[in-house]
Each structure stands twice: as structure tokens, then as C-alpha cells.
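# Survey of secondary and tertiary structure
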Amino acid sequence: MALANEHYLKLKAGYLFPEIARRVQAFTDANPDVEIIRLGIGDVTQPLPPAVIDAFHQAVSEMGKPETFRGYGPEQGYQFLIDLILANDYEARSVGLDFDEVFVSDGSKCDSGNIQEIFAADNVIAVADPAYPVYVDTNVMAGRTGEADEKGRYAGLYYMPCTEANDFLPELPDRKVDIIYLCFPNNPTGAVANAKVLQAWVDYALEKRAVILFDAAYEAYITEEHIPHSIYEIPGAKECAIEFRSFSKTAGFTGTRCAYTVVPKDLLARTVSGKPVNINQLWNRRHTTKFNGVSYPVQVAAAAVYSDEGKAQVQELIRYYMENARIIRETLTSAGFTVSGGLNAPYIWMKTSAGMSSWEFFDQLLAEAHVVGTPGSGFGPSGEGYFRLSAFGNRENTEEAVARIRNKISP
Ligand code: MLT
């Protein structure tokens, strides 16, 4: 008899974004003539930059000729892409990393979800609340938690509430934790951490021999000069942190799939008996066993992000989305809503109308303004009473969506 992984049965409802899609579908089935504007899932809307498309075309053509055809590539990624990553994303910020500390992959969702596999089942996991749901759900699936309580908090996880009172920044745990998920710029709140805040986390992790899983998928949206883009800008971080980076939000690769994860060779975990274990080697073992590499054309396309034209075109894309963020933030603020985020991140985090739960607000917005956002409670119990709007729409839809909210929904 095959036994199911019963840890899956602890998961609350469906994964957040398919659940939203299901509710929107039900609404559109019942109201087929209504024009819905989607500012829910953080999916880009603007096409890939021309430099990326040109490179993609050329690489596809190479695959069609015997002399340039390629089969399996290195599971960790082609050297030409990793060299560009090292030079542009790290050396340019005075961070030195080795070639074999970078693992190219098909997404930060997969990597941030899979990484927990290389850590023991009885580690205590700390997550910001609210947080990107993948961090929690993958640990539930792996059996690191008990059941969820009525607020949706899983037994055994250490939650770090991020509220207005602490500027949406998680506070250092008051008990020992082993693995800490941090995401800056933050999804969903849009909060950012300065070097002092990050240094406190690195110091904590070094002292407790904990590991920080640092999700930097939105670093390209940082506009303020003094905010670090990488955890490795912080002294000591290479001994305690893994970093996730993605081309999805930076260069429009949500449908194309390319990302990378940095696992420094200085990062050690320990066996129960206290013997040091090189985490880079474990991740390499996992990656090469379970993954066969990102396709050659996609890696060539990603490499074009670092060309002069690519960089300029990517900057243009980011400016476009950040102008959307400004429009959302300013329009909703002037309409009387309490709004944060959207300054160094493509997400706006707003309070729901007085007394409304996140899902009630979702339903009201859908029914009356025909706008889709993401209920804050979907990111964790402390997200209750909040709502996230994405700046990744096109300009016309973004302007129309906020005009509808201003005209139809009272704060
Ligand atoms: C989000 O909306 O939070 C993101 O699109 C999720 C993701 O990147 O997987």
C-alpha cells in the first residue's frame, strides 16, 4: 500500500496564486462582460528587452546547425553566464565570489523551495510574517511543522511578525533558530533593509551558527543608493548566507525561466555530532542529481541582460514598473488609504478598508472595482488586514485600476 506524504494534508487551501485565479475565474464565469484588471500575482507584462530577444534568436539558430548544436550543458550553468553574473552583480559591488559558488537554475521559486532539502528535518525555521508562501509551504511539505492553528500559524515554525510598528522589518529571534528566511526588497511588503539591519542578522547567524536564506529576487528595484543589493555586501555573510537571484522580475523572464543561487564555499552546517559540512557541496550534489541545467538559448538570452544595450533596456523596464508603483502609491495615498512599499520594490502594501479582512477586501475590489490584488493574509497571519498590489501591470491598466479603486472603494 502506498502511503501519501501526510504533511501535504496540513497545507492550508491551495497555493495562494492558483486560489486567486480560481476565484477570479468564478467571477468572470458569472460576469463575462466585466473587464478585470489584474494586479495580483507579480507577473511582468512588458516584453523581453530587444537585446535579449536578439540573443535568444541567435542561440536558437545555433541549436539548428550541426556544428553549433548543444545537448546537455553543465547542470550548474554555462561559464559564459556565470562569469557575467560574477562581474556585474558581485564584483561591481566589491563582492568576490568563485565560479563554483553560483548555480544557474530555472527560478528562485524552485531554488528557495528546494534548498530546505539539504538541511536536517529538525532545524528550527524562522520566517517573516508575512512572507512569500513558498518558504512556509515547502517546510510544511518536508514535515518540519505541526498543524496550523486557526490563524494559519504552523506549530514548530518561528514567525517574525512584520507590522507597521516595526516598519515591516523582522526582529531578531528571542530564541535559537537554525534557518532564517529573509527577503529584501520584501515580497509582499516592499520593505528594504539597510546595511545596519543586515549586519545585525549576519552577526546573529554567525553567533548562533544559523543559516540565512536571502531572497534578493527584487534587488533590481532598489532605488535608494545606500540599500545593499546583496547580503554579501555585509561582512561575514559568506559564512552564513545563501542568496537567491532571478532574471524574472529584473528582465522579464517570468515565462522564460532563469535564475541563480549563490552558495558560498565558506558556508558550513554541522552534523549532529558537530562535524562541519560544506553546504556548497551538498547543493551541488542536489542540483546535479535533480536538475539538468537551464536551456542554452535561455542562458544566452540571460547573458544579454549584461550587454550595454541589455543593461539600458532593463533599466528602462524597471523605470516603467517603478513609475506604475509611484502612480499606485500616490493615488491611493491621496484617496486616504494607508500605503507602504513601492519605493524600492514593485509591490504596494496597503491597509484594507476599515474593519475588512484581506479576503473580504479582495472580494469587494473584484466585485466593485473589478481589480484583482493579493490578500495580505495569504502571506501569513500578520498580513491580515492588508492587501498587495503589483506594479507589474501595463501603464493604462494601472492608471485605470487605481482610478477605479479611488472612485469605488472607501478607505
Ligand atoms: C508574487 O506575486 O509574489 C510572485 O509572482 C510569486 C513568484 O515570483 O513566484
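Everything in this summary refers to the structure shown in the same document. (Residues numbered from 1 in each chain as written. Predicted model: local features only at pLDDT ≥ 70, side-chain atom pairs only at ≥ 80, totals over all residues. Heavy atoms only, no water.)

## Let's talk about the sheet that holds strand β8 (residues 259-262)
For clarity, the threshold we go by: For two strands to be treated as a pair, DSSP must find at least two bridges joining them. Per the convention used, a helix needs a DSSP run of H or I reaching at least four residues, while a strand needs a run of E reaching at least two, with both numbered from the N terminus. Inter-axis angles, ranging from 0 to 180 degrees, are taken between N-to-C directions of lines fitted to C-alpha atoms, where helices are fitted over the stretch in contact. Whether two residues are in contact is decided by their heavy atoms, any of which lying within 4.5 Å being enough.
Pairing is mixed in the open sheet, where 7 strands are placed in the order β2-β8-β7-β6-β5-β3-β4. One side of each edge strand has no neighbouring strand; the edge strands of this open sheet are β2 (102-105) and β4 (158-161). Adjacent strand axes in the sheet meet at a mean angle of 20 degrees when their direction is disregarded. Across 4 bridges, the pairing between strand β3 (residues 125-129) and β4 is parallel. Of the residues in β4, the one forming a bridge with Ala126 is Tyr158. Where helix α6 (residues 195-208) meets the sheet, its contacts fall on β4, β5 (179-183) and β6 (211-215), and the angle it forms with β6 comes to roughly 150 degrees.

## Brief notes about the site of the ligand
Condition: Each residue is tested against the molecule or strand, and it is near if at least one of its non-hydrogen atoms lies within 4 Å. Polar contacts, as used here, are pairs of N or O atoms within 3.5 Å; protein pairs need one atom able to donate a hydrogen and one able to accept it. Residues neighboring in sequence count only if both atoms are side-chain atoms. In these tables, accessible area is a Shrake-Rupley quantity obtained with a 1.4 Å probe, and a residue counts as shielded only by the protein chains included in the view. Amino acids are sorted into nonpolar (Ala, Val, Leu, Ile, Met, Phe, Trp, Tyr, Cys and Pro), charged (Asp, Glu, Lys and Arg) and polar (every other residue, Gly among them). Either an automatic procedure or a domain database provided the assignment from which the domain bounds are taken.
Around the ligand, a shell composed of Phe17, Ile41, Gly42, Tyr132, Asn187, Tyr218, Lys249, Tyr347 and Arg388 is seen. One nitrogen or oxygen atom from the side chain of Asn187 is found 2.8 Å from an oxygen atom belonging to the ligand. A distance of 2.8 Å is found between an oxygen atom of the ligand and a side-chain nitrogen or oxygen belonging to Lys249. Relative to its free-state accessible area of 270 Å², the ligand is covered by the protein chains to the extent of 84%. Here the residues of the shell around the ligand sort into 5 nonpolar, 2 polar and 2 charged. Both domains that furnish three or more residues to the shell around the ligand are identified here as domain 1 (6-47 + 309-408) and domain 2 (53-307).

## Section: the side chain of Asn187
Summarising the element assignment, Asn187 is placed in the loop between β5 and α6. In this structure the side chain of Asn187 is engaged in a polar contact, spanning 2.6 Å, whose partner is the side chain of Arg388. Sequence-distant contacts of Asn187, that is, excluding residues within four places in its chain, are made with Ala131, Tyr132, Tyr218, Tyr347, Phe379 and Arg388.

## So, the packing of helix α1 (residues 16-30) against helix α11 (residues 358-369)
Here is the rule: We call two directions roughly parallel when the angle between them is under 35 degrees, roughly antiparallel when it is over 145, roughly perpendicular when it lies between 65 and 115, and oblique otherwise. Left-handed is the label given to a crossing in which the near helix is rotated counterclockwise from the far helix by less than a right angle, and right-handed is the label when the rotation is clockwise.
Running from N to C, α1 and α11 cross one another at 40 degrees; their axes reach a closest spacing of 11 Å. Taken as axis vectors, α1 and α11 run oblique relative to one another. At the point where α1 passes α11, the crossing takes the right-handed sense. In this structure, α1 uses Leu16, Glu19, Ile20, Arg23, Val24 and Phe27 to contact α11, whose residues at the interface are Trp359, Phe362, Asp363, Leu366 and Ala367.

## Here we look at the packing of aromatic side chains
Applicable threshold: Stacked, tilted and edge-to-face are the three classes applied to pairs of Phe, Tyr and Trp rings, where Trp contributes its six-membered ring and a pair requires centres within 6.5 Å; stacked means planes under 30 degrees apart, edge-to-face means over 60, and tilted covers the rest.
If you walk through the whole model with that rule in mind, you get 23 aromatic pairs. On the basis of an interplanar angle of 85 degrees and a centroid distance of 6.1 Å, the ring pair of Phe80 and Tyr296 is categorised as edge-to-face. One end of the pair, Phe80, is in helix α3 (residues 79-90); the other, Tyr296, is in helix α9 (residues 296-303), and 216 residues separate them in sequence. With 5.1 Å between their ring centres and 70 degrees between their planes, Trp359 and Phe362 make a pair best called edge-to-face.

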